[in-house]
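# Structural overview
The residues making up each chain are set out below.
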Amino acid sequence: MKRLLMWMLAMALVLGAGMAQAADLTLGAGDVIKASVFGNPDMATETRVSESGKITFPLLGEVKVSGMTVQQAERAIGEQLVKKGYLKTAQVSIIVSQIQSAQVSVLGMVNRPGRYPLDGGKRGVMDMLAQAGGFNADGGDTVSVVRTRDGKTTKTVIDVVDMVRNGALDKEIELGPNDVIYAERSPRFYIYGEVQRPGSFRLERTMTVSQALAVGGGLTPRGTESGIKIKRRAGDGSLQVIAAKNEDVVQTDDVIFIKESWF
C-alpha cells in the first residue's frame, strides 16, 4: 500500500506540473514574471512584483498587479498600453517564472520538507505532498493541516492512506498561502524478551500480536508464544498489563514482552 501511495503522489506531481502558469494564479509581492506583447519584442521584460504590489513595465512605468490573476494583469497592462496611445491593440502574455507570494510549508516526515508554491490556483494536500517527495521511511498515514482564515487558526487531520484506498478525494482540503502541512510520524510498537530482533517498529493497521512477533524476527530458541504480555497505557495514563493472544490487535505504543520457555 505504501508503494501504491508513493506512486499516486508522484503521478499527482506530474499531472499538476502543467498548471504552473494557470491563468487563475493570483500575483503577489516577490513573484517574478516574464511579460511580452505580441508583435512588439522590444517590450518584453522580466520583473519582480515589489512589496507595494507593482511591476515596472516598458513605457508604462509602475503598474499595480498584486491581487490580480495572471489573466487580469495581462488585460490591465494591455488596456493601459492602448489607453495611453502606445498601441492600437495589445495582446499581453505573462508567464510566472518564480512564485514567492503563495506558498505552503510542508514539514515533518516527508522526503523534501520546505516551502512549495501554490502554482495552479486551487491546490490540495496530495499535490503538496507530491512536490515534497511523499512520506519518508518514518512517515505515517496522516497529515495535520494548519490554516488561518479570517484570523482564526484551525487544525485538520487527514488520513491520506484511507482517502486513497477508498477513493475519497472529496476529503481534499483547498490550501491557501502560508498554510502548513505536517506529515505525522508513523505509530510505533515495542517488542522485547525472547525475540530475534527486539526493538521499536512501525505499527501497521490492524497488526496482530502474531504479526508483531514476525516483525521482531520470531522467537529465539528459548522463547515461547505462551504467556505473552502487553504493557499498555490506558486513557487516564495508568499502565495496564494485558495477557495477550496471538490474534489480539496491537495498539500504538504497546510494549510486547515474550517470555522464556521453561522447557
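Our subject is the structure that appears above.
Residues numbered from 1 in each chain as written. Predicted model: local features only at pLDDT ≥ 70, side-chain atom pairs only at ≥ 80, totals over all residues. Heavy atoms only, no water.

### Quick look at the overall build of the chain
Inclusion rule: Here a strand is any run of E in DSSP of at least two residues, a helix any run of H or I of at least four, and the numbering for each starts at the N terminus. The Shrake-Rupley method, run with a 1.4 Å probe sphere, supplies the accessible areas, and residue values consider only the shown protein chains as cover.
Looking only at helices and strands, the chain features 5 helices and 15 strands. Element-wise, carbon and sulfur atoms account for 53% of the exposed surface of the chain, whose accessible area totals about 14,400 Å².

### A short note on the sheet that holds strand β5 (residues 92-98)
Sheet strands pair via backbone hydrogen bonds, and the direction of the pair is either parallel or antiparallel. Filter applied, for reference: Think of it this way: DSSP has to see at least two bridges between two strands before they count as a pair. Fitted lines through C-alpha atoms serve as axes, helices being fitted only where they are in contact, and the angles separating the N-to-C directions of these axes extend from 0 to 180 degrees. Here, residues are in contact when the closest pair of their heavy atoms is within 4.5 Å.
If you trace the 3 strands from one edge of the open sheet to the other, you get β2-β1-β5, paired in antiparallel fashion. With partners counted over all chains shown, the strands left at the sheet margins are β2 (40-48) and β5, one partner each. Sheet twist, expressed as the average angle between the axes of neighbouring strands with direction ignored, equals 15°. Direction of pairing for strand β1 (residues 32-37) relative to β2: antiparallel, over a ladder of 5 bridges. Each residue of the ladder has a partner; that of I33, found in β2, is T47. Seen against the sheet, helix α2 (residues 70-83) touches β1, β2 and β5 and runs at an angle of roughly 135° to β5.

### Here we look at the sheet that holds strand β11 (residues 188-193)
Taken together, the 5 strands give an open sheet; going across it, the order is β12-β11-β15-β13-β14, and neighbouring strands pair in mixed fashion. Looking at which strands have only one partner, the edges of the open sheet turn out to be β12 (199-202) and β14 (239-243). On average, adjacent strands in this sheet sit at an angle of 25° to one another, irrespective of strand direction. When β11 meets β12, the two strands line up antiparallel, connected through 4 bridges. Bridge pairing links F189 to F201 in β12.

### Re the nonpolar core
Note the threshold: Joining through side-chain atoms within 4.5 Å is the link that ties buried Ala, Val, Leu, Ile, Met, Phe, Trp, Tyr and Cys residues into a set, and such a set is a nonpolar core. Each residue is assigned to one of three classes by its accessible area relative to the maximum for its type, calculated with a 1.4 Å probe on protein chains only: buried under 20%, partly exposed between the two thresholds, exposed over 50%.
Core analysis: the biggest nonpolar cluster contains 24 residues, and V106, V125, L129, V143, L175 and I181 have the highest contact counts within it. Looking at this core, the elements with two or more residues in it are β6 (103-108), α3 (125-131), β8 (139-149), α4 (160-165) and β10 (180-185). In terms of residue count, the dominant contributor to this core is α3 (4 residues). Counting residues in hydrophobic clusters, the runner-up holds 21 residues, among them L25, V37, I77 and V96.

### Structural notes on unusual backbone geometry
Residues other than glycine seldom take positive phi values, yet D150 does so here, at roughly 55°. With phi around 55°, T206 is a residue other than glycine that occupies positive phi space. In this structure, T206 sits in the loop between β12 and α5 (209-215). By relative accessible area, which is 64% here, T206 ends up exposed.

### Describing the pairing of β6
Looking at chain direction, β6 and strand β7 (residues 114-117) are connected through 4 bridges and run antiparallel. Its bridge partner lying in β7, Q103 is registered against P117. Taking the residues between adjacent antiparallel strands as the criterion, β6 and β7 are bridged by 5 residues. Two elements, β6 and β10, share 4 bridges in a ladder whose sense is parallel. Its bridge partner being in β10, V106 is matched across the sheet by I181.

### Points about the pattern of salt bridges
Using the following cut-off: Think of a salt bridge as a Lys or Arg side-chain nitrogen and an Asp or Glu carboxyl oxygen that are within 4 Å of each other.
One pass over the structure, following the stated rule, counts 9 salt bridges. Put simply, D141 and R205 hold a salt bridge, and the shortest N to O gap is 2.9 Å. Residue D141 is located in strand β8, and its partner R205 is located in the loop between β12 and α5; the two are separated by 64 residues in the primary sequence. Residues participating in the shared-partner salt-bridge network are D141, D159, R202, E204 and R205.

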